[in-house]
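Each chain, written out:
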Amino acid sequence: VTAIRYGTIEDFPLAGLLPDAPRLETIDIALAVWMIRNDERTVLFDSGFFREQWFERFQITGFTRPDDAVRLAGVEPEEVTDIVISHAHWDHMGGIELFPEATIWIQEDEYAYYVGTAWQRDGRSGGIDPEDIRHLVDRNLGGQVRLVRGDDVEIMPRLVVRTGARHTFASQYLVVQGTPTVVLASDNAYLYTNLDERRAGSTFTPDDREANLEAIDTMLGIAGGLEHVVPGHDAEQFERFQQRTEGVAVIKPGRR
Ligand SMILES: [Zn+2]
């Protein structure tokens, strides 16, 4: 299991990550995808982004297009067999087009909401790129999408998705079972601070904060502590885990 960094968002408002943070505080956050490999499959958890509009909206530095970032980790984009999508936001689902051979795994409720209801008058489509949705639908029409139904589903051997943290309508996080068991939180826990100080991140609605805190407890329980939970945007993961090459950190080494 590796974390692959593909850039940085500079001066991101901290209150966007920790709703109770002081308004004017900002931090630099890491942009990352995670890769899980064995002899049979090469799985990405999230896919990054590359579309132009987001470079205009955010101050992004050190950007490597996610397919090139994966190449730097020693894998050709065509070798990626599966992509598990934590949630439909631009910086997580925006790179699926770069991995044309991969099957996309997303919660059925997340798919339905962001293809449909999100764009109705009372919907919530913030952070969603319409181009990503069009491409996701195309992938589904081509038989390359697998819709996951609900919590605690083993989608591949020893890869279990969990829901309930409600970062988006039906966000999910990924459990890689083994010794140790690793939890890849994505934006269901943005930063080590969310885990360490038990602080909710940004949730679908403010009413979901309690569920987010419960999910944090569940993540820590599954992984047996903070050490093996990997938050979505904390640059510190690239210090806590040893980097094999610049921007590629080994979260769990292989057997060979
Ligand atoms: Zn994100």
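What counts, and where the lines are drawn
Residues numbered from 1 in each chain as written. Predicted model: local features only at pLDDT ≥ 70, side-chain atom pairs only at ≥ 80, totals over all residues. Heavy atoms only, no water. Helix = DSSP H or I, 4+ residues; strand = E, 2+ residues; numbered from the N terminus. Pairing = 2+ DSSP bridges. Axes fitted to C-alpha atoms, helices over the stretch in contact; angles between N-to-C directions.

1. With respect to unusual backbone geometry
Of note, the bond from Thr-179 into Pro-180 is cis; its omega dihedral lies within 30 degrees of zero at 0°. By the secondary structure assignment, Pro-180 is in the loop between strand 10 (172-176) and strand 11 (182-186). Residues other than glycine seldom take positive phi values, yet Asp-152 does so here, at roughly 60°. Its place among the elements puts Asp-152 in the loop between strand 7 (145-148) and strand 8 (153-156). Its identity is not glycine, yet Ser-186 carries a phi of approximately 50°, on the positive side.

2. Overview of the sheet that holds strand 8
In space, the five strands of this open sheet follow the order 8-9-10-11-12, with mixed pairing throughout. Two strands lie at the open edges of the sheet, namely strand 8 and strand 12 (229-231), each paired on one side alone. Looking at each pair of strands side by side, their axes are set apart by 25° on average, direction ignored. One ladder, built from three bridges, connects strand 10 with strand 11; its direction is antiparallel. Its bridge partner being in strand 11, Leu-174 is matched across the sheet by Leu-184.

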